[in-house]
Amino acid sequence: MLKGMNVSEVNRKAFDFLAGNETFKEYISVCAENASLPHALIIEGEEGSGKHTAARLIVSLVGCRGDKKPCMKCSNCLKIADDSMSDVTWITPQNDRKTIGVESIRLIRNTVFTVPGDMDVKFYIICDASAMTEQAQNALLKTLEEPPAFAYFLLLASSAASLLPTVRSRAPSLRMQVFSDHELAAILVNKNKKAESMSVSDPEAYNRLVRSAGGSVGRALRLLNGASSDKAASETELALECVKLLAYGSKTDLLAYVAPLKLSRESLTEMIKCVCFALRDILAAKKLSADIPTLFFPNQNDAKAFSSAFTTRALLDMYDASVGLYLDLCNVSLNARCSAVCFADSVASAKEKKPVSL
């Protein structure tokens, strides 16, 4: 348990740099005030949800040397902020692997009983606990069961369900907040000058970007940074062009458009996710009479404008093909070999697939 902290020492104003997440902030504040921080915590949330920021906040709260914690000014807080704190170990996949294996857990077991230096405690932060192999999780169990009093573990995961039940039983789980489109739009305008400018100069593109972020501040900021001031297309713009070509062009047109694209796995994944959202909106506009919230298009009328270009069967087949490729790319344990051309070929072929006669 943490010692030597009381209510007057917790500086809750320092939590403001983590947007929203009031439940999380209240939990760690109470833990600090009552010296009851668990030795292991699972922090779950999608990419860009603030898991790493939340982890640094916990470490700063515990390791701060200031009168009010975290002060964000003392030498410990500054070291934690720039990842140079000797008592904090970040565990990530090694040697270009997509998974975290037993060898990474051995690093923890070999050093966990070494007393901390700068802080009174030490932290091990597993950056993508969802990527731990089953063997690695089992190897971690013994340490989680009997840690030294000064050792704490933060497991950052897209979902706690990806971890073994035995691991979950030894660590409470905190989920990062997923913001509504309205909340996210307001947060971005307050945090980012580019978002503020874009919301005024091109509100339609800004609203589409917010919807594409899926409630994640980090993902929205990455999309904003990707949308450069010149004519370089963001993933959302690429997705919209793909949908237009699927609707009004040919398979050859689509392949010719995507062939020159040199997208990273991350950008391709984001683009395909946007296409999934767009196809979902078009299908809903085509089949449902009532208005429903759109995920990609500014409103249902924009989605409906594309609906006559597709049959219901084609929309379902294209959506299934897109989701399948998206899940393959998201699977960290799979050596997915998917390119923009592979995506275009699969989705266009799904549109052209002939119905099976019974």
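Residues numbered from 1 in each chain as written. Predicted model: local features only at pLDDT ≥ 70, side-chain atom pairs only at ≥ 80, totals over all residues. Heavy atoms only, no water.

Undergrad: Before we move on, could you go through the overall build of the protein chain and cite the residues and values that matter?
TA: Tallying secondary structure elements over the protein chain gives 16 helices and five strands in all. Dimensions of the protein chain, computed from C-alpha atoms along their principal axes, come out at roughly 70 × 45 × 40 Å. Evaluated residue by residue, the protein chain yields a buried proportion of 47% over its 358 residues. Surface exposure of the protein chain reaches about 17,400 Å², of which carbon and sulfur atoms provide 53%. If the 42 positive side-chain charges of the protein chain are averaged to one point and the 40 negative ones to another, these points end up 2 Å apart. (Helix = DSSP H or I, 4+ residues; strand = E, 2+ residues; numbered from the N terminus. Buried < 20%, exposed > 50% of the residue type's maximum accessible area, 1.4 Å probe, protein only. Areas by Shrake-Rupley, 256 points an atom, 1.4 Å probe, with all protein chains shown as cover. Lys, Arg positive; Asp, Glu negative; His and termini not counted. Charge placed at Lys NZ, Arg CZ, Asp CG, Glu CD.)

Undergrad: Describe in detail the pattern of salt bridges, supporting the description with residues and values.
TA: Here the structure, examined in full by the defined rule, presents 15 salt bridges. A salt bridge links Arg65 to Asp120; its shortest N-O distance comes to 3.8 Å. Taken together, the residues Arg65 in the loop between α2 (51–63) and α3 (75–81) and Asp120 in the loop between α4 (102–111) and β3 (122–126) connect sequence positions 55 residues apart. Using a relative accessible area of 46% as the deciding quantity, one classes Arg65 as partly exposed. Ionic contacts of the salt-bridge type, sharing partners, join the residues Arg12, Glu26 and Glu33 into one network. (Salt bridge = Lys/Arg side-chain N within 4 Å of Asp/Glu carboxyl O.)

Undergrad: Let's hear about the pairing of β3: which residues, and what values?
TA: Burial analysis of β3 places five of its five residues in the buried class, which makes it a mostly covered element. Side-chain alternation along β3 places Lys122, Tyr124 and Ile126 on one buried face and Phe123 and Ile125 on a second face that is also buried. For strand β2 (residues 88–91) and β3, the ladder comprises four bridges, and the chain directions are parallel. For Ile91, the partnering residue across the bridge sits in β3 and is Ile126. Chirality of the crossover, the property in question, places the unit of β2, α4 and β3 among those that are right-handed. (Pairing = 2+ DSSP bridges. Right-handed = clockwise from strand over helix to strand, strands pointing away.)

Undergrad: Explain the packing of helix α7 (residues 181–191) against helix α9 (residues 203–212) to me, and be specific about the residues and the numbers.
TA: α9 packs onto α7 with a crossing angle of 115° between their chain directions and a minimal axis gap of 9 Å. On the basis of the axis angle, α7 is roughly perpendicular to α9. Judged by the sense of rotation from one axis to the other, the crossing of α7 with α9 is right-handed. The segment α7 lies against α9, with Asp181, Leu184, Ala185, Leu188 and Val189 engaging Tyr206, Val210 and Arg211. Each residue belonging to the contact of α7 with α9 can be placed in one class, and the counts come to six nonpolar, no polar and two charged. (Axes fitted to C-alpha atoms, helices over the stretch in contact; angles between N-to-C directions. Parallel < 35°, antiparallel > 145°, perpendicular 65-115°, else oblique. Left-handed = near helix turned anticlockwise from the far one by under 90°. Contact = heavy atoms within 4.5 Å. Nonpolar A, V, L, I, M, F, W, Y, C, P; charged D, E, K, R; others polar.)

By themselves, these figures tell us nothing about what the structure is for.
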